[in-house]
Amino acid sequence: MSALRVPLVAGNWKMHFDHLQATYFVQKLSWLLRDAHFNFSDAEIAIMPPFTAIRSVQVLVHSDRMHIKIGAQNVSSLSEGAFTGDVSAEMLQKLDCSYVIIGHSERRKYHPEDDANVVDKVRATLAAGMKPILCVGESFEERRQGIELDYAVGQVRDVIRDLSDKQAENMLVAYEPVWAIGKGNSATAQDAQDAAAAIRGLFARTYGERVAQKVRVLYGGSANASNAVYLMQGPDVDGFLVGGASLDPLEFSKMIRLVALVARKRRKNAQASEEESTH
Ligand code: PEP
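Keep in mind that this is a model prediction, so the values were computed, not measured.

With respect to the site of the ligand
Item 1. Near the ligand you find 14 residues, and of these Lys14, His104, Glu176, Gly182 and Ser222 are the closest.
Item 2. At 2.5 Å from an oxygen atom of the ligand is found a side-chain nitrogen or oxygen belonging to lysine 14.
Item 3. One of the backbone nitrogen or oxygen atoms of glycine 244 is found 2.8 Å away from an oxygen atom of the ligand.
Item 4. In the complex, the protein chains occlude 96% of the 290 Å² of accessible area that the ligand would expose alone.

As structure tokens, this is what we get:
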């Protein structure tokens, strides 16, 4: 079934690149992929620039008809009002954002972002017609205690209860063990698969198997072109949320091409086993 989910490679630029650097990057990325005859239906690509660069990236993507989606790194749970420095979901949707990262561990750490306002942000994002990328994952302490899966699944459970089936289908979850983010050492392929399967299992128990098979679960935490194929060994890992490796167009384009390769292989295997079962 994973063969039917198009993987997503989403670049979380964090606080890097002004709007000029951002447009230069996107042009270079697009050129590298076209030069490699990349088939854009194999994998979805998204860039999450800082707020200040979203408009410039949007204009470029539209004028050059690039197959690159745009996302935001954060959103307000409120729709308008006297909230200095905040940006609403409607504002992001008007800039053609498709995705919003919610609950990233850096926002949970450096800003007062907790499970309660993560729920509200997810609802605001869905209501505006965009897809949340909900970030969850244990710190080193939970891993040491051996409760990493319960912890990550618990973070998802609090957020997804009371969604409609359609809203649940539109959720993406990024399993990002905090200890692996920006450290150069990723989790193992087995860790990524176990967490992705546990998260999908929660969706299956809550919304049924049909919805669960539509939800994309990404891995994040020191993923790059060298470990992308390895980290996607498990069938429940549907791509990546990428920090550091998304800041270099060459590295990022390699990673996207490798994810597409895995997706093609999965499709081929699924077709073969379907043919086998009909004979
Ligand atoms: C992230 O911060 O979402 C992330 C995955 O970062 P990195 O790839 O740099 O570990």
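The discussion continues.
Section: the sheet that holds strand β4 (residues 97-102)
Item 1. The sheet built from 8 strands closes into a barrel, its strands ordered β1-β2-β3-β4-β5-β6-β7-β8 with parallel pairing. Adjacent strand axes in the sheet meet at a mean angle of 25°, parallel and antiparallel pairs treated alike.
Item 2. Of the pairings in the sheet, the one linking strand β5 (residues 131-136) to strand β6 (residues 172-175) comprises 4 bridges and is parallel in character. Bridging from a neighbouring strand, cysteine 135 pairs with alanine 174 of β6.
Item 3. Along the sheet, helix α7 (residues 148-160) makes contact with β5 and β6, crossing β5 at roughly 145°.

Concerning unusual backbone geometry
Item 1. The phi angle at lysine 14 is positive, at roughly 50°, despite the residue not being glycine.
Item 2. With respect to the helices and strands, lysine 14 occurs in the loop between β1 (8-12) and α1 (19-35).
Item 3. Lysine 14 sits in the partly exposed class, given a relative accessible area of 22%.
Item 4. Not every positive phi belongs to a glycine, and serine 222 is a case in point at roughly 60°.
Item 5. Examined against the element boundaries, serine 222 turns out to sit in the loop between β7 (216-220) and α11 (228-231).
Item 6. For serine 222, a relative accessible area of 14% corresponds to the buried category.

Side note on the nonpolar core
Item 1. Grouped together as the largest cluster of nonpolar side chains are 75 residues, with contacts concentrated most on Phe203, Tyr219 and Phe240.
Item 2. Looking at this core, the element that brings in the most residues is helix α9 (residues 189-207), giving 7 residues.
Item 3. Grouped together as the second largest cluster of nonpolar side chains are 12 residues, Ile133, Leu172, Ala174 and Leu241 included.

Describing the packing of α1 against helix α12 (residues 249-278)
Item 1. Where α1 meets α12, the axes come as close as 9 Å, and the angle between the chain directions of the two elements is 45°. Classified by the angle their axes make, α1 and α12 are oblique. α12 is crossed by α1, and the crossing has right-handed handedness. Here α1 contributes Phe25, Lys28, Leu29, Leu32 and Leu33 to the contact with α12, which in turn contributes Pro249, Leu250, Phe252, Ser253, Ile256 and Arg257.

Points about the pairing of β7
Item 1. Taking burial as the measure, the 5 residues of β7 include 5 buried ones, the bulk of the element.
Item 2. Residues Arg216, Leu218 and Gly220 of β7 are buried on one face, and the alternating residues Val217 and Tyr219, pointing to the opposite face, are buried as well.
Item 3. Pairing of β7 with strand β8 (residues 239-242), which is carried by 2 bridges, proceeds in the parallel orientation. In the sheet register, tyrosine 219 faces β8, and the bridge partner there is phenylalanine 240.

Focus: the pattern of salt bridges
Item 1. Per the counting criterion, the structure on display carries 18 salt bridges.
Item 2. Glutamate 169 serves as the salt-bridge partner of lysine 214, at 3.9 Å between the closest nitrogen and oxygen. Placement of lysine 214 in the loop between α10 (209-212) and β7 and of glutamate 169 in helix α8 (residues 165-169) is noted, with a sequence separation of 45 residues between them.
Item 3. The class of lysine 214 is partly exposed, set by a relative accessible area of 42%.
Item 4. Judged by its relative accessible area of 12%, glutamate 169 is buried.
Item 5. Salt bridges sharing common partners tie together Arg5, Arg200, Asp236 and Asp238.

With respect to the packing of aromatic side chains
Each aromatic ring pair is summarised here by two numbers: the centre-to-centre distance and the angle between the ring planes.
Item 1. Under the definition given, this model contains 6 aromatic pairs.
Item 2. Centroid distance tyrosine 175 to tyrosine 219: 6.4 Å. Interplanar angle 55°. Geometry classified as tilted. One end of the pair, tyrosine 175, is in strand β6; the other, tyrosine 219, is in strand β7, and 44 residues separate them in sequence. We note that tyrosine 175, like tyrosine 219, is buried.
Item 3. Residues tyrosine 219 and phenylalanine 240 carry aromatic rings whose centres are separated by 6.5 Å and whose planes lie at 90° to one another, so their mutual orientation is edge-to-face. Within this pair, whereas tyrosine 219 is found in strand β7, its partner phenylalanine 240 is found in strand β8, the two being separated by 21 residues in sequence. Taken as a pair, tyrosine 219 and phenylalanine 240 share a single burial class, namely buried.
Item 4. A connected cluster of aromatic rings, assembled from ring pairs, spans Trp13, Phe17 and Phe25.

Conventions and cut-offs
- Residues numbered from 1 in each chain as written.
- Predicted model: local features only at pLDDT ≥ 70, side-chain atom pairs only at ≥ 80, totals over all residues.
- Heavy atoms only, no water.
- Near = heavy atom within 4 Å.
- Polar contact = N/O pair within 3.5 Å; in protein donor to acceptor, adjacent residues only side chain to side chain.
- Areas by Shrake-Rupley, 256 points an atom, 1.4 Å probe, with all protein chains shown as cover.
- Pairing = 2+ DSSP bridges.
- Helix = DSSP H or I, 4+ residues; strand = E, 2+ residues; numbered from the N terminus.
- Axes fitted to C-alpha atoms, helices over the stretch in contact; angles between N-to-C directions.
- Contact = heavy atoms within 4.5 Å.
- Buried < 20%, exposed > 50% of the residue type's maximum accessible area, 1.4 Å probe, protein only.
- Core = buried A, V, L, I, M, F, W, Y, C linked by side-chain atoms within 4.5 Å.
- Parallel < 35°, antiparallel > 145°, perpendicular 65-115°, else oblique.
- Left-handed = near helix turned anticlockwise from the far one by under 90°.
- Salt bridge = Lys/Arg side-chain N within 4 Å of Asp/Glu carboxyl O.
- Phe/Tyr/Trp six-rings, centres within 6.5 Å; stacked < 30°, edge-to-face > 60°.

Geometric descriptors of this kind do not, in isolation, establish any biological role.
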